[in-house]
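Listed here are the chains, written in short residue letters.
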Amino acid sequence: MLPQPVLIIGTYNADGTPNAMNAAWAGQWDSKEIMISMGSHATTDNLNRCPDFTVAFATADTMVAADYVGLVSGRTHPDKMARTGWVATRGRSVDAPVYSCFPMTLECRIKEKLYESETGFYIIAEILDILCDEKYLAADGEPDVERMRLITYDPVHHGYIALGDRVGRAFHDGRSL
């Protein structure tokens, strides 16, 4: 499936320290829910302890550190988050970290786990809150996705691609036919 979002999943470790991982196998489940395929990670352990987490959207500006948290496990690298330079605060609606360097973050809680095994599980989660840095709000007060410089994962050539320019208006341009 293309494009694949580059998502940063934020949770707290058992000792209360923030953790994050890079995930690309995810999508919108419905208007207020998302689905994420989780492997076996420190984040998976954290989600088994607490169903709360955050989902931040990686950008061209956060790409290097976002890639790093996908390369390195919190299980083997306790200094993982310090190396990113990310600053975390506790979420407004969830018991999970919000990293200030991302333009937009979803605060989520697991509603259901599917196909649990020793290799991971799928989660369906409710979006409880959406946080957006004010500098990324459009004139109408809604998030301006074009200004965020979001990136997607290229699974074919193992790269990241910055999203481009708007090319049309959804639910409008097709009316010309």
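None of the values given here were measured: they were computed from a predicted structure.

A. The arrangement of the pattern of salt bridges in detail. Counted according to the given criterion, the structure contains 9 salt bridges. A salt bridge links D144 to R147; its shortest N-O distance comes to 3.5 Å. On the accessibility criterion, D144 (17% relative accessible area) is buried. Assessed through its relative accessible area of 41%, R147 is described here as partly exposed.

B. Focus on unusual backbone geometry. At the junction of L2 and P3, the peptide bond is cis and its omega measures out at -10° in the coordinates. Within the secondary structure layout, P3 lies in the segment before strand 1 (4–5). Here the phi dihedral of H158 falls at roughly 50°; this positive angle occurs in a residue that is not glycine. Within the fold, H158 resides in the loop between strand 11 (151–154) and strand 12 (159–162). Even without being a glycine, F171 presents a positive backbone phi close to 60°. Under the relative-accessibility criterion, F171 is labelled exposed at 81%.

C. Region of interest: the state of the cysteines. For the structure on display, the rule yields 0 disulfides. In this structure C50 is a free cysteine whose sulfur lies 12 Å from that of C108, the closest cysteine sulfur available. You can call C50 partly exposed: its relative accessible area is 21%. C132 takes part in no disulfide bond, and the closest cysteine sulfur to it belongs to C101, at a distance of 14 Å.

D. Representation of helix 2 (residues 63–71) in the model. Turning to helix 2, its buried residues are A65, A66, Y68 and V69. Seen along its axis, helix 2 keeps its buried residues to an arc of 155°; they face one direction. Among the exposed residues of helix 2, those pointing more than 90 degrees away from its buried face are V64 and L71. Buried residues along helix 2 sit against strand 2 (7–12), strand 3 (18–23) and helix 3 (80–84).

E. Looking closely at the nonpolar core. Within the largest apolar cluster, 22 residues are counted, with the highest numbers of intra-cluster contacts made by I9, I34, I36, F53, V55, C108 and I123. Elements that contribute at least two residues to this core include exactly strand 2, strand 3, strand 5 (33–38), strand 6 (52–57), strand 9 (104–117) and strand 10 (120–132). Listed in part, the 15 residues of the second largest apolar core include Y68, V69, M81 and F102.

F. Expanded view of the sheet that holds strand 5. With respect to topology, 7 strands assemble into an open sheet ordered 3-2-6-9-10-5-4, the strand pairing being antiparallel. Because the sheet does not close on itself, it has two edges, and the strands there are strand 3 and strand 4 (26–30). For this sheet, the mean angle separating the axes of adjacent strands, direction not counted, is 35°. Pairing of strand 4 with strand 5 involves 4 bridges; the strand directions are antiparallel. Looking at the pairing, A26 lines up with I36 of strand 5.

About the thresholds
- Per chain, the residues get numbers from 1 upward, laid out in the order the sequence is written.
- Owing to the predicted nature of the model, reporting of local features is limited to residues with pLDDT of at least 70; listing and counting of side-chain atom pairs is limited to 80 or more, with chain, interface and lining totals taken over all residues.
- With hydrogens and water excluded, all non-hydrogen atoms of the structure serve as input to the side-chain values.
- Take a side-chain nitrogen of Lys or Arg and a carboxyl oxygen of Asp or Glu: if they are within 4 Å of each other, that pair is a salt bridge.
- When accessible area is computed with a 1.4 Å probe and restricted to protein chains, residues below 20% of their type maximum are described as buried, those above 50% as exposed, and intermediate ones as partly exposed.
- Helix numbers and strand numbers start at the N terminus; a helix is a DSSP run of H or I with at least 4 residues, a strand a run of E with at least 2.
- By disulfide we mean two sulfur atoms from cysteines, separated by a distance within 2.5 Å.
- It is the directions from the helix axis to the C-beta atoms that the arc portrays.
- Pairs of residues are marked as contacts when any of their non-hydrogen atoms sit within 4.5 Å.
- As used in this record, nonpolar core signifies buried Ala, Val, Leu, Ile, Met, Phe, Trp, Tyr and Cys residues forming a set joined through side-chain atoms within 4.5 Å.
- One bridge is not enough; two strands pair if DSSP finds at least two bridges between them.
- In this description, a line fitted to the C-alpha atoms serves as the axis of each element, helices being fitted only across the stretch in contact, and the angle between N-to-C directions of two axes falls anywhere from 0 to 180 degrees.

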